[in-house]
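If you want the building blocks of each chain, they are given just below.
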Amino acid sequence: LRALENLTFDKEKREIEFIKNIPEVAKVVAAIRYLIIYTNEIISYPIGGKRYRFGKFKIMIDLFTNDIRLYNLSYLRDGYWKPSQHPHINGEGKPCWGNMAETIALLFSEREYSALVTVIIEFLKSVDTSDAAGKYVDRWPVYEEGEGA
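Summarised in this report is the structure supplied together with it. What you are looking at is a predicted structure, and each value in this text was computed from that prediction instead of being measured.

**Brief notes about the pairing of strand β1 (residues 25-30)**
Pairing of β1 with strand β2 (residues 34-39), which is carried by five bridges, proceeds in the antiparallel orientation. By the bridge assignment, Ala 30 is partnered in β2 with Leu 35. Two successive antiparallel strands, β1 and β2, enclose a turn made up of three residues.

See below:
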């Protein structure tokens with residue numbers, strides 16, 4: 001109930017407006033239990049001279065449990081997990097945050113939802129190719145400069 005009540009405060013309303021203005025965000029839905037964000041196509045930062053098309057995502061933030069799930073709406077691939085939503089997200093949408101875990105937890109606890117979504121999008125654009133899961137990045141399509149994203 002606390003999470004639902006929180007969404008009635010001005011701060012949360014402002015946070016949702018800020019989220020809507022993030023360039024990678026296509027749509028925001030504030031439901032009773034979830035804050036749901038749909039992204040435009042996510043293109044990776046350069047990785048070994050290439051950029052990858054990770055696709056469009058549905059970000060589900062559970063306001064009751066602090067659980068975050070990231071679902072790829074475009075490209076499921078067999079990576080470290082079979083299937084994988086992203087090199088660092090298993091088939092059930094559970095991300096392996098790595099060194100971002102503390103930041104994610106802090107932003108959640110402070111109800112800084114726009115900063116949280118910004119960090120999640122940065123996570124989606126990034127891959128650590130030095131770990132076992134990141135080595136599978138080449139399973140996603142390569143983005144060619146000039147292609148529409």
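**Regarding unusual backbone geometry**
Note: most residues except glycine have negative phi, and most peptide bonds are trans. A cis amide bond links Lys 82 with the next residue in sequence, Pro 83, at an omega value of 0°. Mapping Pro 83 onto the fold places it in the loop between β6 (68-72) and β7 (84-86). At Asn 66, a residue that is not glycine, the phi angle is positive and equals roughly 65°. Among the secondary structure elements, Asn 66 is positioned in the loop between β5 (57-62) and β6. Positive phi values are uncommon outside glycine, yet Arg 111 reaches one of about 55°. When you line up the elements, Arg 111 lands in the loop between α3 (101-109) and α4 (113-125).

**Concerning the side chain of His 86**
Looking at where His 86 falls in the secondary structure, it is placed in strand β7. The class of His 86 is buried, set by a relative accessible area of 0%. At 3.0 Å, the side chain of His 86 forms a polar contact with the backbone oxygen of Leu 124. Contact partners of His 86, with chain neighbours within four places excluded, come to Phe 54, Phe 57, Phe 123, Leu 124, Ser 126, Val 127 and Trp 140.

**Digging into the sheet that holds strand β3 (residues 42-43)**
The three strands lie next to each other as β3-β4-β9, forming an open sheet whose pairing is antiparallel. The outermost strands of the open sheet, each flanked by one partner alone, are β3 and β9 (142-143). Relative to β9, strand β4 (residues 51-55) runs antiparallel, the two sharing two bridges. Counted as the bridge partner of Tyr 52 is Val 142 from β9.

**Focus on the sheet that holds β5**
The strands making up a sheet associate through backbone hydrogen bonding, with each pair oriented either parallel or antiparallel. Read from one edge to the other, the open sheet built from four strands follows the order β1-β2-β5-β6, with strand pairing classed as antiparallel. Every interior strand has two partners, whereas the edge strands, β1 and β6, have only one. For this sheet, the mean angle separating the axes of adjacent strands, direction not counted, is 15°. Here β2 pairs with β5 via five bridges, running antiparallel. Counterpart to Ile 37 in the pairing with β5 is Ile 59. Against the sheet, helix α2 (residues 10-20) contacts β1 and β2, and its axis sits at roughly 155° relative to β1.

**Quick look at α4**
With 13 residues, α4 should reach 18 Å at 1.5 Å per residue; the first-to-last C-alpha distance of 18 Å fits that figure. With respect to burial, α4 is a largely interior element, ten of its 13 residues being buried. Considered for burial, the residues of α4 that qualify are Tyr 113, Ser 114, Leu 116, Val 117, Val 119, Ile 120, Ile 121, Phe 123, Leu 124 and Lys 125.

What counts as what
Residues numbered from 1 in each chain as written. Predicted model: local features only at pLDDT ≥ 70, side-chain atom pairs only at ≥ 80, totals over all residues. Heavy atoms only, no water. Pairing = 2+ DSSP bridges. Helix = DSSP H or I, 4+ residues; strand = E, 2+ residues; numbered from the N terminus. Buried < 20%, exposed > 50% of the residue type's maximum accessible area, 1.4 Å probe, protein only. Polar contact = N/O pair within 3.5 Å; in protein donor to acceptor, adjacent residues only side chain to side chain. Contact = heavy atoms within 4.5 Å. Axes fitted to C-alpha atoms, helices over the stretch in contact; angles between N-to-C directions. Expected span 1.5 Å × (residues − 1).

On their own, these measurements won't tell you what the molecule is for.
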